[in-house]
Amino acid sequence: MANGLGRKSVKRKQVDEEHETFEQDLGPNGTLEMLSDEENEGDVSSDDGQLDEFPEIVNESDSDESDEEEEEDGEEEDGGDEEYESDGAESDDSLHVFPKSKTVISDITKQPKVVYPEIEPEYDSDSSTEDAPNRVGNVPMHWYDDLPHIGYSIDGQKILRPARGDELDKFLATVDDSSAWTSAFDKNAQADKPLTAEELDIIRRLYAGENPDADYDPYEPTTEWFTGKGKEEVMPLSGALQPKRRWVPSKWEKQKVMKIVRAIRQGRILPSKPKSTSKFEPYAIWSERPSDYPPPLPAPKPRLPTNAESYNPPEEYLPTEEERKTWEAQDPEDRERDFLPEKYSSLRLVPAYDQFVKERFNRQLDLYLAPRVQRVKLNIDPESLIPKLPSPSSLKPFPNYKSLQLHHPDSRVRCISVSPDGSWVVSGDEDGNVSLWEIIVGREIKRWKFKGKIGALAWCPRTDISYFAVGIEDTIQFIIPPHIDNSVLSLTQNVLAPSTLPPAPASPSPVKWTTPPSNAWSLDTPILTIDLPASSGTPTHFCWHRKGDYLSSVCTGGVHGGVWIHQMTRRHSQAPFKKIKGSVQTVLFHPLKPHFFVATQQYVRIYNLSEQKLIKTLIPGIKWISSMDIHPSGDHLIVGGYDRKLCWFDLELSEKPYKVLRYHSRAIRSLQFHPTYPLFASSSDDGSIQIFHSRVYNDLLTDPLIVPLKILRGHHVVDGLGVLQIRWCNKHPWLVSASADSSVAVWCS
Amino acid sequence: MASTSTANASNGNDDTISQPVVFMTETQYPLPSQKFMIPTSWRRYQLSQLINKALSLEKPVPFDFLVRGELLHTTLSEWCKENGVGEEETLEIEYIESVMPPQKMSDFPHEDWVSAISCQVPGYFLTASYDGQIRAFDYSKYLCASVTAHAAPITSLCVLLPEESTNVMDTTTDSTNTSYTIATASQDLTAQLTQLTLGTPPSLSTSKVLATLHLHTSTVSSVSADASSKHLLTASWDGLIGLWDTFVPSEDEVPEPTLNERDRKKRRKLDSENDKQRPRKKAPLKVLKSHTGRVSKAIFAPTPLERTTNTKSGKAYSCGFDSTVRVWDLDHGVCEHTIVKAFLNMTVIPQTPTSILALSTDRTMSLYDVRSPTSTFGSLSSSAVATFVHPATPSCVVASEVNAHQLVSGAYDGVVRVWDVRSTKGAISSFKSWEGKKKIMSMDWKKGVVGVGGEGGLEVWRVGEERA
């Protein structure tokens, strides 16, 4: 670099000198060029910027030649000087308004310098003193043709027209004066003036057909700007062919790229290396503010003090005695201001403010609690989020009050059943009492007493006969209610205890059907008893098939999952399942199809009884299913669980619930669809019964409409048990509920 | 206007606001129809005093005041403020005789629920109970007779008046003993005619079952007689209504069920009974079929007096659990009108035989006028003329025999309410039987005495009936 830099400075000097030479060459010809002399000097001393570009194009090979050139230039310079001096000697000094400069080698610095001649304070050195007597300016002189004067002097005096002789005088004058023929009429002076030598020279040149300018030299020596030795063009102006390397891809570049590519392939370079390092880097959280938030709110300012806060307030600000008393009587948060204005004659008498700390603390609290971020409020009408449901009053009738309540002797009423004609109810309690009562009066008509607790009751859905099944420990008893018509009674007896027993099934069943002899029949004893296999426990759930021929029972224990299907006409029981996973909670017959629903603790399985295969498994997502019921249309199922959930299934849609209702605060015990009205109800251990409107549409597109209608309260919760079973009255929107508080209630619309 | 001025003078001039009022009444104490300026601070008492003074009644008669179908309980000004009536509007105030606060007279405890009660027999209360017994009490609370009429609970009872039923045989009217024929309906599917003879010494009371009425295949829910006691109507849960006469045949009208072996037991039981004493089985004159559900009550339309000579009254009303009230033409046995609502019980206001009061499980008592849509046969407009709302299920209603506007209703909350049909917003008065803890099942109202039968037996209250 040192070498290059030195070279640069050398080159610069060389160029400067060249420039200087050029200036000096032009110097004698044009006066206007004189100003550039000063520039020239400046170039020498300070002007670097313009020439900095040059080293880029320096050819290294030129270095030797430049030295020689320098020497040559030096010689040329000398020559130039001489030429100049000779020119100066030839030129007329009077033609030059400005003094001529001279370039000499300074004695001190040994550098060329420009020297100007000393200004001589002569008379003609100032053009203002020239003798121009007529001062009218450049106006047409024929204005003065008729006047005696020809203009005005500088003092305003009229300059009189010089006397002019006639033609003869002129002629005589030319004869006398030899210079007369070289004089011309000066309009300004209105007199003849002799032409100067320069003017005469111009005239002569014009005559000779030469350039009128005397200084013009048509044979100037050629100045070699871009040619000659050392001034060859370095710009690519040659017609040489492009070198191959200009258009062939670079081999070395390729090598370098390939090196990187190989490194990437080998994994030495990770192209998208994760920027974050495992080490936590502290950063200033306040240095950048999130751009999309409005600036934080300024902190609230304390109120400026007023006259009242002054230590020496005007009299009208001082509180009166009553005001003081009321102020003191008020709670601090009710006071309009938290101080009482007091008057002190001077500031030094003011005591220390005793609540200063408290006030500051409160202010800090204000600051602390002041919202610093402006939150954009969601402007949503809360009403619009509530689903549009019809009002319950438009969905009448539904049960909305307790019409009557009757009490069993002290024990929980576990099960109830409403007769298919909707006029009688049987209810069974844990003491073994089964009572029959009118649904509308609530008067117990008959009571049966059994040993063991009653687990389930179900009235046969056939309307032409009348009996109900009672589930007690290991047995199912069939009872005919009193006061029924003779024809109905005989038909019922014929069904339950036919005179000719149907042929016994081929395979012996562990279930025994026994009927007492006909002379022992009475209203108090069951007409038919089904003995389930031993240790099968209390039947907890009965489900009649729609046609009233099949009764399915679920027991707490026993083999086959405790599920039995009893056929009344054939007096035969069969266990539909050899083995079943989990303990069966409830079972259901599909109202229209030969399908059978079995709910274990967590799943509901649908079997096709005629084809003997599993159709579907529903997953309610309930931990422990307590009850289920199917819509009369057969397309919808509701499942209730001990974990308070009620799931609505659309059987044609999915095995997941269509809707999950969590309205009960305790376990759901029982639920049922109304057979005719679009209602269903659920009862829970929280002692309440909830009534829902459930409209199911025939078209497959519309979702079922479920509207919560009413919460019926009135049963007490005893030992954590609430309403244990609910049943609808067939033909009316009436609900019968059995509760753990040993009561049964009828809810009417 | 003189009366007003005196009233004003008596009241003093301290309050100047007064309301123009026109009084009207249907009682026997009419005022001349003119406008009175009444101070708005007046209450019922002052108004009642005003009328007493204006009519210069010797014995003061308390009045109640109905303003726009509402009983006046507060001052006039408060009422006006509540209802937004301006000072210049003329109020029409109807006044009725006050019902004296009901007083409990006596209490007849029963072993079982009383399902029906009748006060028709002078001097006695007849009750039918769920234990199947008919009991008769005299006014001294003495149990005169107790007859086991049915094996199953009796649901309804009605007394055939002896003087009307002269052609009913065996109605002996001697000096000491009086015989009454009682019709009962029971859950054992039959209704029954029982002759009950109440002797002056109660030990002489005898009873005899005259006939059993066989039609129904389900619980017979009600039995009722017409004014001449010549005909009976039974309603049953099997949806049928039977029309019967009260003539006791000498032979069984219903053939013995042609028997299968199943009925041997029953037949043996029947055979065991004394054939002579055996009650005759009666068949109905007519069966009215139109109800689709259980029929809860069927009654005759009261006949105007000039028509009592006719054999049939012509019209009957029934209500049932199929949510209908039906109007029957008994001559042809067809249903004429239907009103849709679920009904438990009903009655007819005797003075206006076309007004039906029907009770519903939706806790309302509705007043219907069956004449209104006579032009269109078929379903009657179910818009009630008036609706009386109860806090519990109403079970029975009795209209006053002497006053067309008064009625009492009993409900399952044990409260008997006295209503005026002109005041629908609230009962005129009410009282609780059995401390309001037990259900009321039936009531009868005769000569100012209301017999209340229900879960707790029988209670007798005195409820004033004003004469219309």
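In this text, all values refer to a predicted model and were calculated from it rather than measured experimentally.

Undergrad: Run through a nonpolar patch on the surface, naming residues and quoting values.
TA: Residues and elements named next belong to chain A. A cluster of nonpolar side chains, contributed by Leu-168, Phe-171, Leu-172 and Val-175, occupies part of the molecular surface with about 410 Å² of accessible area. Examined against the element boundaries, Val-175 turns out to sit in helix 4 (residues 167-176). For Val-175, a relative accessible area of 53% gives the class exposed.

Undergrad: Can you tell me about the sheet that holds strand 19 (residues 563-567) of chain A, naming the residues and giving the values?
TA: Residue and element names in this part refer to chain A. The strand order 17-18-19-20 describes an open sheet built from 4 strands, whose pairing is antiparallel. The two strands at the open ends of the sheet, each matched to only one other strand, are strand 17 (539-544) and strand 20 (572-574). Between one strand axis and the next, the sheet turns by 25° as a mean value, whatever way the strands run. Pairing of strand 17 with strand 18 (residues 550-555), which is carried by 5 bridges, proceeds in the antiparallel orientation. In the strand pairing of strand 18, His-541 is matched with Val-554.

Undergrad: Break down the packing of aromatic side chains for me, with residues and values.
TA: A full pass over the atoms with the stated rule returns 26 aromatic pairs over all chains. Where Tyr663(A) meets Phe692(A), the ring centres are 5.8 Å apart and the plane angle is 25°; that geometry is what we call stacked. Here Tyr663(A) is found in the loop between strand 28 (659-661) and strand 29 (668-673), whereas its partner Phe692(A) is found in strand 31 (residues 688-695), with 29 residues between them in sequence. Accessibility expressed as a relative area gives 1% for Phe692(A), which makes it buried. Where Phe65(B) meets Tyr95(B), the ring centres are 6.2 Å apart and the plane angle is 45°; that geometry is what we call tilted.

Undergrad: Please give an account of the pattern of salt bridges that cites residues and values.
TA: In this structure the tally under the stated criterion is 22 salt bridges over all chains. Among the salt bridges present, the one from Arg205(A) reaches Asp201(A), with a minimum N-O distance of 3.1 Å. Of this pair, Arg205(A) and Asp201(A) both sit in helix 5 (residues 197-208), 4 residues apart, which is roughly one turn of that helix. Accessibility expressed as a relative area gives 13% for Arg205(A), which makes it buried. Linking Asp322(B) and Arg326(B) is a salt bridge whose minimum nitrogen-to-oxygen distance equals 3.4 Å.

Undergrad: Give a description of the confidence of the model for chain B that names residues and reports values.
TA: Residues and elements named next belong to chain B. Looking at chain B, pLDDT values average 75 and 77% of them are 70 or higher. No element of chain B has a lower mean pLDDT than helix 1 (residues 2-11), at 41, and none a higher one than strand 16 (residues 231-236), at 88. For residues 1-14, every residue scores under 50 in pLDDT, and the model assigns this stretch 16 contacts once sequence neighbours within four places are set aside. This model gives residues 164-175 a pLDDT under 50, and the stretch forms 23 contacts once residues within four places in sequence are excluded.

Undergrad: Account for the UniProt feature "repeat: WD" (unreviewed entry) in chain A, naming residues and giving values.
TA: With numbering matched to this structure, UniProt assigns "repeat: WD" (unreviewed entry) to residues 406-447 and 661-692 of chain A. In this annotation, residues 661-692 of chain A is assigned 0% helix and 56% strand; the end-to-end C-alpha distance for the span is 11 Å.

Undergrad: So what's going on with the nonpolar core? Which residues, and what values?
TA: Residue and element names in this part refer to chain A. Membership of the largest hydrophobic core comes to 39 residues, with the highest contact counts inside it found for Val-434, Ile-439, Phe-468 and Val-470. Here the element with the most residues in this core is strand 8 (residues 413-418); it accounts for 4 residues. Among all residues touching Phe-468, those that are not within four sequence positions of it are Val-426, Val-434, Trp-448, Leu-457, Ala-458, Trp-459, Cys-460, Gln-477, Phe-478, Ile-479 and Pro-481.

Undergrad: Can you lay out the pairing of strand 10 (residues 433-438) of chain A for me, pointing to particular residues and giving the numbers?
TA: Residues and elements named next belong to chain A. Here strand 10 lies mainly inside the structure; 6 of its 6 residues are buried. Both faces of strand 10 are covered, namely the face carrying Asn-433, Ser-435 and Trp-437 and the face carrying Val-434, Leu-436 and Glu-438. Across 5 bridges, strand 9 (residues 424-429) lies against strand 10 in antiparallel orientation. Of the residues in strand 10, the one forming a bridge with Trp-424 is Glu-438. Between strand 9 and strand 10, which pair antiparallel and follow one another directly, the connecting turn spans 3 residues, one of which, Gly-432, has a positive phi of 95°. In this sheet, strand 11 (residues 444-449) lies alongside strand 10 in antiparallel orientation, the contact comprising 5 bridges. Across the sheet, the residue bridging to Leu-436 is Lys-446, located in strand 11. Taking the residues between adjacent antiparallel strands as the criterion, strand 10 and strand 11 are bridged by 5 residues, where Gly-442 takes a positive phi near 80°.

Undergrad: Give a description of the pairing of strand 5 (residues 91-97) of chain B that names residues and reports values.
TA: Residue and element names in this part refer to chain B. Among the 7 residues of strand 5, 6 are classified as buried, and the element is accordingly described as predominantly covered. Here strand 1 (residues 18-25) runs beside strand 5; their pairing, made up of 5 bridges, is parallel. Among the inter-strand pairings, Val-21 is bridged to a residue of strand 5, identified as Leu-91. In the sheet, strand 3 (residues 63-67) pairs with strand 5 via 5 bridges, with the strands oriented antiparallel. For Phe-65, the partnering residue across the bridge sits in strand 5 and is Tyr-95.

Undergrad: Could you give an account of the sheet that holds strand 21 (residues 586-589) of chain A, with specific residues and numbers?
TA: Residues and elements named next belong to chain A. Within the open sheet, the 4 strands sit side by side as 21-22-23-24. Their pairing is antiparallel. Of all strands in the sheet, those with a lone pairing partner are strand 21 and strand 24 (613-618), marking the two edges. Neighbour to neighbour, the strand axes of the sheet diverge by 20° on average, direction disregarded. Note: strand 21 against strand 22 (residues 595-599), 4 bridges, orientation antiparallel. Among the inter-strand pairings, Leu-588 is bridged to a residue of strand 22, identified as Phe-597.

Undergrad: For the interface of chain A and chain B, give the residues involved together with the corresponding values.
TA: With 30 residues of chain A at the contact, the number on the chain B side is 27 residues. Contact between chain A and chain B buries roughly 2,400 Å² in total, counting both sides, with carbon and sulfur atoms accounting for 52%. Area buried by chain A at its contact with chain B is led by Tyr401(A), Arg443(A) and His483(A), which between them contribute 26% of it. Between the two partners, chain A and chain B, sit 1 salt bridge. On inspection of chain A and its partner chain B, the count reaches 9 residue pairs in polar contact (both at pLDDT 80 or more). Looking at the side of chain A that touches chain B, the elements that each hand over two or more residues are strand 7 (401-407) and helix 11 (486-496) of chain A. Of the residues assigned to the side of chain A that touches chain B, the class counts are 12 nonpolar, 14 polar and 4 charged.

Undergrad: Which residues make up a negative patch on the surface, and what values do they have?
TA: Judged by side-chain charge, Glu321(A), Glu322(A), Glu323(A) and Glu328(A) come together as a negatively charged surface patch. By the element assignment, Glu321(A) lies in helix 8 (residues 321-329).

Quick notes on the rules
Residue positions within a chain follow its written sequence, with the count starting from 1. Here chains are named by letter from A upward and ligands by number from 1 upward, in the order in which they appear as written. Predicted model: local features are reported for residues with pLDDT of at least 70 only, side-chain atom pairs are reported and counted for 80 or more only, and whole-chain, interface and lining totals are derived from all residues. The side-chain quantities take in all heavy atoms of the structure and omit both hydrogens and water. Candidates for patches are residues over 30% relative accessible area with no salt bridge; among them, like charges are joined within 9 Å and nonpolar side chains (Val, Leu, Ile, Met, Phe, Trp, Tyr) within 5 Å. Areas reported here follow the Shrake-Rupley algorithm with a probe of radius 1.4 Å; residue values treat only the protein chains shown as occluding. What makes a salt bridge here is a side-chain nitrogen of Lys or Arg within 4 Å of a carboxyl oxygen of Asp or Glu, nothing more. In DSSP terms, a helix is any run of H or I states spanning at least four residues, a strand is any run of E spanning at least two, and both are numbered starting from the N terminus. Each residue is assigned to one of three classes by its accessible area relative to the maximum for its type, calculated with a 1.4 Å probe on protein chains only: buried under 20%, partly exposed between the two thresholds, exposed over 50%. What makes two strands pair is DSSP finding at least two bridges between them. Each axis is a line fitted through C-alpha atoms, and for a helix only the stretch in contact is used; angles between axes span 0 to 180 degrees, taken between their N-to-C directions. Here a Phe, Tyr or Trp ring, Trp counted by its six-membered ring, pairs with any other such ring whose centre lies within 6.5 Å, and the pair is stacked when the planes are under 30 degrees apart, edge-to-face when over 60, and tilted otherwise. Per-residue confidence from the predictor is reported as pLDDT, a score between 0 and 100. Contact between two residues is taken to exist if any of their heavy atoms lie within 4.5 Å; hydrogens are not considered. UniProt positions are given in the numbering used here, feature names are shortened, and annotations may be inferred rather than shown by experiment. Residue types Ala, Val, Leu, Ile, Met, Phe, Trp, Tyr and Cys, when buried and joined through side-chain atoms within 4.5 Å, form a set referred to as a nonpolar core. Note on terms: buried area is the combined drop in 1.4 Å-probe accessible area of two parts once they are placed together, counting the loss on both. A 3.5 Å cut-off defines polar contacts: any pair of N or O atoms within that distance qualifies, except that in protein one atom must be a possible hydrogen donor and the other a possible acceptor, and neighbouring residues in sequence count only when both atoms are side-chain atoms. Only Asp, Glu, Lys and Arg are considered charged, only Ala, Val, Leu, Ile, Met, Phe, Trp, Tyr, Cys and Pro nonpolar, and every remaining residue, Gly among them, polar. Positive charges come from Lys and Arg, negative ones from Asp and Glu, while His and the chain ends are left out of the count. Charged groups are reduced to one reference atom each: NZ for lysine, CZ for arginine, CG for aspartic acid, CD for glutamic acid.

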